[in-house]
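What follows is each chain in one-letter form.
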Amino acid sequence: AALSDKKVVRELEPIIDDLPFSDGDRTLLFVNGMGGTPLIELYIVFRAAHRLLSDRGITVERQLVGDWITSLEMAGTSITLLRLDDEMVELWDAPVHTAALRKGM
C-alpha cells in the first residue's frame, strides 16, 4: 500500500475496532481538513479510507469531504465514521440551510 494508505489504516483501524464496526454496516465517512490541507489530499485520504472499509464489508453510504471544522490553516485531517440506519440516512438527506452547509434546497 502507498504511504498515505498506511497512515489512513493506522488512523482508521482504531475507529473501526472501537465501536466496533463490522461486515454489513452502513456508514457515513467524514474526512475533514484542518484548513491548510489541499482538497486533493483530502480525497486521497477518503479513497484510502473507503478502500479499507470496503475490504471489511463496511458500506460507505454517505460521505462528506472538505474543510468543515478548521483551525487557522492548520495542516492535517480528521476522520469521522458514523454508523447509519434508515432514520439517520433520512435525517442526513434532509435539506440543510445554515451558514456552514447548504444542501437539498
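Per chain, residues are indexed from 1 in the order of the written sequence. Restriction of local features to residues with pLDDT of at least 70 applies here, the model being predicted, together with a cutoff of 80 or more for giving and counting side-chain atom pairs; totals for whole chains, interfaces and linings are based on all residues. Each side-chain value is worked out from all heavy atoms of the structure, with water and hydrogens disregarded.

A.B. asks: How do you make sense of the pairing of strand β1 (residues 26–33) when you look at a structure like this?
C.D. replies: Here is the key point about a regular strand: its side chains alternate between the two faces of the sheet. Buried residues are those whose accessible area, probed at 1.4 Å on protein chains only, stays under 20% of the maximum for their type, while exposed residues exceed 50% and partly exposed ones sit between those limits. Runs of E in the DSSP output that reach at least two residues are strands. Runs of H or I that reach at least four are helices, and both are numbered from the N terminus. Burial of β1 is extensive: 7 of the 8 residues sit out of reach of the surface. Here β1 runs beside strand β2 (residues 59–66); their pairing, made up of 7 bridges, is parallel. Opposite R26, over in β2, you have T59 as the bridge partner. Here is how to tell: hold the view so the strands point away, follow the path from the first strand over the helix to the second, and if it runs clockwise the crossover is right-handed. Taking the sense of rotation as the criterion, the β-α-β connection linking β1, helix α2 (residues 39–55) and β2 turns out right-handed. DSSP calls a pair of strands paired once it identifies at least 2 bridges connecting them. Of the strand pairs in this sheet, β1 and strand β3 (residues 77–84) are connected by 8 bridges, and their pairing is antiparallel. Bridged to R26 within β3 is L84.

A.B. asks: Can you walk me through the side chain of D25 in this structure?
C.D. replies: Within the secondary structure layout, D25 lies in the loop between α1 (3–18) and β1. On the basis of relative accessibility, which here comes to 12%, the residue D25 falls in the buried class. At 3.2 Å, the side chain of D25 and the side chain of R83 are in polar contact. Contacts: residue pairs with any heavy atoms within 4.5 Å of one another. In this structure D25 touches P20, G57, I58, T59 and R83, once residues within four positions along its chain are discounted. Whenever two N or O atoms come within 3.5 Å, that pair is a polar contact, provided that in protein one can donate a hydrogen and the other can accept it, and provided that, for residues adjacent in sequence, both atoms are side-chain atoms.

A.B. asks: Would you mind showing me how to read a nonpolar patch on the surface here?
C.D. replies: The grouping of L82, M88 and L91 at the surface amounts to a nonpolar patch, some 250 Å² of accessible area in total. Looking at where M88 falls in the secondary structure, it is placed in helix α3 (residues 86–93). The class of M88 is partly exposed, set by a relative accessible area of 31%. Patch criteria: residues need more than 30% relative accessible area and no salt bridge. Like-charged residues are merged within 9 Å; nonpolar side chains of Val, Leu, Ile, Met, Phe, Trp and Tyr are merged within 5 Å. In this description, accessible areas are obtained by the Shrake-Rupley approach with a 1.4 Å probe, and a residue is regarded as covered only by the protein chains that are shown. Salt bridge, as used here, is a side-chain nitrogen of Lys or Arg placed within 4 Å of a carboxyl oxygen of Asp or Glu.

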